[in-house]
Structure formats: structure tokens, C-alpha cells
Amino acid sequence: MDSPSRSSVIVIGAGVSGLSAAKVLVDNGIDDVVILEASDRIGGRVCKENFGGVSVELGAGWIVGVGGKEPNPVWELALKSSLRTCFSDYSNARYNIYDRSGKIFPSGVAADSYKKAVDSAIQKLRNQGVDADDVSIVSEPPCTPKTPMELAIDFILHDFEMAEVEPISTYLDFGEREFLVADERGYEYLLYKMAEDFLFTSEGKILDSRLKLNKVVREIQHSRTGVTVTTEDGCIYEANYVVLSVSIGVLQSDLISFTPPLPRWKTEAIEKCDVMVYTKIFLKFPYKFWPCAPGKEFFIYAHERRGYYTFWQNMENAYPGSNILVVTITNGESKRIEAQSDEETLKESMEVLRDMFGPDIPDAIDILVPRWWSNRFQRGSYSNYPIISDCQVVQNIKEPIGRIYFTGEHTSERFNGYVHGGYLAGIDTSNALLEEMRKDKERKSDGQSFLLEPLLALTGSLTLTQTESVSGLHKCDLPTQLYLNGKLGIQEAIL
Ligand SMILES: Cc1cc2nc3c(=O)[nH]c(=O)nc-3n(C[C@H](O)[C@H](O)[C@H](O)COP(=O)(O)OP(=O)(O)OC[C@H]3O[C@@H](n4cnc5c(N)ncnc54)[C@H](O)[C@@H]3O)c2cc1C
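The protein chain carries the name Amine oxidase domain-containing protein in an unreviewed UniProt entry, which gives Citrullus colocynthis as its organism. Among the UniProt annotations of the protein chain, the heading Pathway (unreviewed entry) holds the following wording: "Amine and polyamine degradation; spermine degradation." Recorded in UniProt for the protein chain, the comment headed Sequence similarities (unreviewed entry) runs: "Belongs to the flavin monoamine oxidase family."

A. Main features of helix α11 (residues 391–398). Residues of α11 that are buried: V393, V394, N396 and I397. Seen from one end, α11 has its buried residues packed into an arc of 165°, which puts them on one side.

B. The arrangement of the sheet that holds strand β6 (residues 85–87) in detail. Within the open sheet, the three strands sit side by side as β5-β8-β6. Their pairing is antiparallel. At either margin of the open sheet sits one strand with a lone partner, and together these are β5 (62–66) and β6. Averaged over neighbouring strand pairs, the angle between their axes works out to 30° when direction is ignored. Judged from the three bridges that link them, β5 and strand β8 (residues 177–181) form a sheet pairing that is antiparallel.

C. Highlighting the pairing of strand β18 (residues 324–330). Counting buried residues in β18 gives seven out of seven residues, a clear majority hidden from the surface. Relative to β18, strand β15 (residues 278–284) is paired through seven bridges, and the arrangement is antiparallel. Pairing of T279 across the sheet is with I329, part of β18. As paired strands, strand β17 (residues 311–314) and β18 are joined by four bridges and run antiparallel to one another. Each bridged residue has a counterpart across the sheet, and for N314 the counterpart in β18 is L325.

D. Up close: helix α9 (residues 331–339). Those residues of α9 that sit buried are E333, S334, I337 and E338. All buried residues of α9 lie within an arc of 135° about the axis, which places them on one face of the element.

E. Looking closely at the UniProt feature "domain: Amine oxidase" (unreviewed entry) in the protein chain. Here the UniProt feature "domain: Amine oxidase" (unreviewed entry) sits at residues 16–107 and 173–434. Split by type, residues 16–107 is 23% helix and 24% strand. Its first and last C-alpha atoms lie 40 Å apart.

F. The site of the ligand, seen in detail. Taken together, 37 residues lie around the ligand, and S17, E37, R45, W62 and V419 are the ones closest in. V16 places a main-chain nitrogen or oxygen 3.3 Å from an oxygen atom of the ligand. G417 places a polar main-chain atom, nitrogen or oxygen, 3.3 Å from an oxygen atom of the ligand. About the coverage of the ligand: the protein hides 98% of its 1,000 Å² of free accessible area. Residues belonging to the shell around the ligand are distributed by class as follows: 21 nonpolar, twelve polar and four charged.

Here is what the cut-offs are and how they apply
Residues numbered from 1 in each chain as written. Predicted model: local features only at pLDDT ≥ 70, side-chain atom pairs only at ≥ 80, totals over all residues. Heavy atoms only, no water. UniProt positions renumbered as here; feature names shortened; annotations may be inferred. Buried < 20%, exposed > 50% of the residue type's maximum accessible area, 1.4 Å probe, protein only. Helix = DSSP H or I, 4+ residues; strand = E, 2+ residues; numbered from the N terminus. Arc of directions from axis to C-beta. Pairing = 2+ DSSP bridges. Axes fitted to C-alpha atoms, helices over the stretch in contact; angles between N-to-C directions. Near = heavy atom within 4 Å. Polar contact = N/O pair within 3.5 Å; in protein donor to acceptor, adjacent residues only side chain to side chain. Areas by Shrake-Rupley, 256 points an atom, 1.4 Å probe, with all protein chains shown as cover. Nonpolar A, V, L, I, M, F, W, Y, C, P; charged D, E, K, R; others polar.

Pasting the structure below:
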């Protein structure tokens, strides 16, 4: 069992955000960073598995927003690391919508319905007084489409909703492109490359002093002097600061308790963020029976039950000859499928494929069903702020509480839900923490020390007016109880 030894910063979670946060700290001379990771690997939601002879991405698969107004730093890392990717345009799926009898909707219907779906989504947002270019698509209320046109519109809308984090402009502005990672080393190779200097020895062994795997954090005790972190196996770690990079789903769960508890404005913001469940089911076949012509990489199954094995991708583009199909499902359907056996899922998938391609197609010989919702270290796939224009929610989720700094894709105002969102969030969080550490040092050298706790004990509670009049007081000096006064109070209290 590890005995408590105090480090400057503990980073909780070794996904892309935790790793980029740790890297910035180490690069800035904070050598005694310790990363505690619950699972037995780094990468988090960037995760590959060997299936059917190739490497498939259970989590993030695309590098998105390439060639847009802002460079995507993950794309730059991919180029530097010579990661194999292929251009992938899933907007083509709208021209390959199969009905239940296997007929493809005519392309005229597809083009019209696409336009109508976009218009209807934009109109819906405008009705809510939102600038449609800056926000994500919000879910349509469930409806029961009947005519082919209604079905097509509905499935295109559903496609938008599956990637709810995408702004509409992504669909309209073809300047931005998406690349599918198709590399045996996996998307996670980028994370290993990023971490190689500070987490691994030159022989590729993990630096045990920096990275501790299988350490499930269960409690964070924090005070104005430091932070104590307790893991499920009873180990205790102490630090001056914590960077907490676990997913929004984990923050919403009871996996980690905080002593003293997080203030209400913080927990309310955490609860406000939706968690999207997005599941890719992989099916391996003895041979191909689906169309593989260019523009046919994706197809949609139009079933009256919304989201029922809707969105299909053939992996020929990424892995020629792999004979693998992927079907993507989301939210309620994901949770339903996670709860049933893989045999049942295989049976349902085969029924759907036989609707589209006829009774004579071969059975799949293998299936892989990732379970992001049931995974207690994830509890979902990615954050999904319904209307991103309410930046305050993101701000409150991100706002540090004393010595606890929050990061992760869900704290990214611009790119939440994405790998590059997580990457940039980690950098931002560590830069904010470094700034705080610098100020702390300055305060100490100026001889500014402030004993708030005795003051609190005397007064019983401290009002905002009182905090405002205290010079030298900083956020880190505030016991969490003060945060109950609200965020405005905190900002006013930082002098
Ligand atoms: C199915 C799926 C498809 C996706 N597709 C794409 C895509 O195509 N393109 C894209 O850009 N993004 C995609 N994403 C989103 C992307 O993967 C995430 O936004 C990003 O990887 C999140 O990184 P993170 O560091 O914020 O969180 P995570 O990767 O979740 O890292 C958090 C880490 O914290 C650890 N942890 C949790 N609880 C504890 C605890 N109590 N103690 C210690 N450690 C703990 C976890 O094990 C994990 O390693 C997808 C995600 C999923 C699941």
C-alpha cells in the first residue's frame, strides 16, 4: 500500500484531457505530478480493440473539424505521428436510406428531405431565439413518420441528433472535413506519443512514480491547505492541488465523494449537462454482401422505431477486406442493448440486415458491443449541452473549487464532446492552475497569509460583504462553505 507522500498536483484520469493537463504541468517544471487512473490503461474514451483481425475504435473514431477556421491540434498530432486516416463523409448516408423492404429511397427524395431536415432544425432553434450557427441541434420530439419523405426527414434529423455536439454549420460548411482513424496502432497511439516523454522510460516502461493505474479515486478531501485523495484500495495521496478529468457522467454518479461537499451551484451545473450514449456495434462477416461503391460507405435503415439499428458503416474504406460492418445506436437504444446479451443483439442486427439485403446473406461470425453507459468509469459517451449558448453552465462546471481544478471534454466551451475538446481543455486547465501557483508563490513571498478558518470559527459564517473587505484573500483560501453564497460572491471575493 502506498503511504501518503505529498506531490504538487494529482491528476485524476488518464484520458486525453488528463494527459494533456499533466504534460503542460511537467513541461512547466512541475516534476512531481502524479496521475491516478481507475482502469488498467491510459486513453479513456480513446480506446481500440482487436476485432476480426483489425484494430477497431470502440470510442472516438474520427478526427473532426479538419480544415475549418481553427486548426484542430489533434489533427496536427496525427500528421506528426503519421497516423493512418481516411477521408470519411457520412453525409453521403442520406442518399443510401433503405426502407424495411430493402428499397433505397430515390436520391431526389433524399436531397429534398436533407434540405427540409436542415431547415426544420434551424427553424426550431430560431423559434427558441438561438443563433443557429452557434449551437448544437436539439432533439426533435418523438414523432411517427409515415410517408417515405417523412421517414427520410426523420432519419436525417436523427443523424444530426446522433452527433448532437455538431453545430449545424458543420453540415452546411463543407470547408470542415472529418477523417476516420484507420491505423492498427489505434487513435490512442497519439496519446502514447503525447505522453512518451513524461510517462514512459526510454524502454517504453511506465514511470511508476508518475502514473498509477488501477487506482479508483473514491474520495477527495480538500481544505485551504491541500487535498487528500483516497482510492478504492485504501491508498491515500496528498497534494497541493488536484486536476479532476473524469467524465461528466462520472461527476453525475456517486463514484467520487467530496469533503466538504461541492457547492450547490456546482452540482446543479453538473446535473444540467446531458450525457450522450453513443454505441458502435461491430459485426464480422465471412464475406461482403453490402454495396461497396464510392459513396456507399454509410447507409441508413429506416424503421418506424426511431433509432433502431439506424446508422451503418462498412469498414472497407478503413480496412479493405476486413468484412466488418458497424452499426451505431444512441441513448435509449444504447442503454437497452447494453442491458441485453450480445446474442440477442446479434439476432436483432441480422434481422435488420436481412430486411435490407434479403434472406440469403450470411450470419455474422463475431460481434463486439462496447458498453460505455454501464462502465462506472465513464457513464456515457460524451457531454451534450443542449444549447451551447448558455455558456454559464460550462463555466460553472469548469470553475475550480478551492484546490480542485476541473477539466475534460465537458469543460471545453468550443469543442465539448470531442477529442480535441478534451486535449485543449487539459491545456487550459493546467495553464490556469500554473497561474494560480505562481500567484500563490507571490502571495507567500509577500508575506500575505490569511487565517480564515479561525475567523470563520469566530463568526460562525462569513457573509459576502465580510469576504469582500478582506484583503489578500484568494479563492484557494476559501473553505467550500463560502461557495454556497454563489459564484458571483466568489468572484467578488477574489481580490
Ligand atoms: C463511442 C464514442 C465515440 C466517440 N467518437 C468521437 C469521434 O469520432 N471524434 C471525437 O473527437 N470524439 C469522439 N468521442 C468523444 C471523445 O472520445 C471524448 O470527448 C474524449 O476522449 C474525452 O476525453 P477526456 O479526457 O475528457 O475523458 P476520458 O477519456 O473519459 O478520461 C477520463 C479518465 O478518467 C478515468 N476515471 C474515471 N473515474 C475515475 C476515478 N474515480 N478515479 C480515477 N480515474 C477515473 C477514466 O478511466 C478515464 O481514463 C467519442 C466517444 C465515444 C465514447
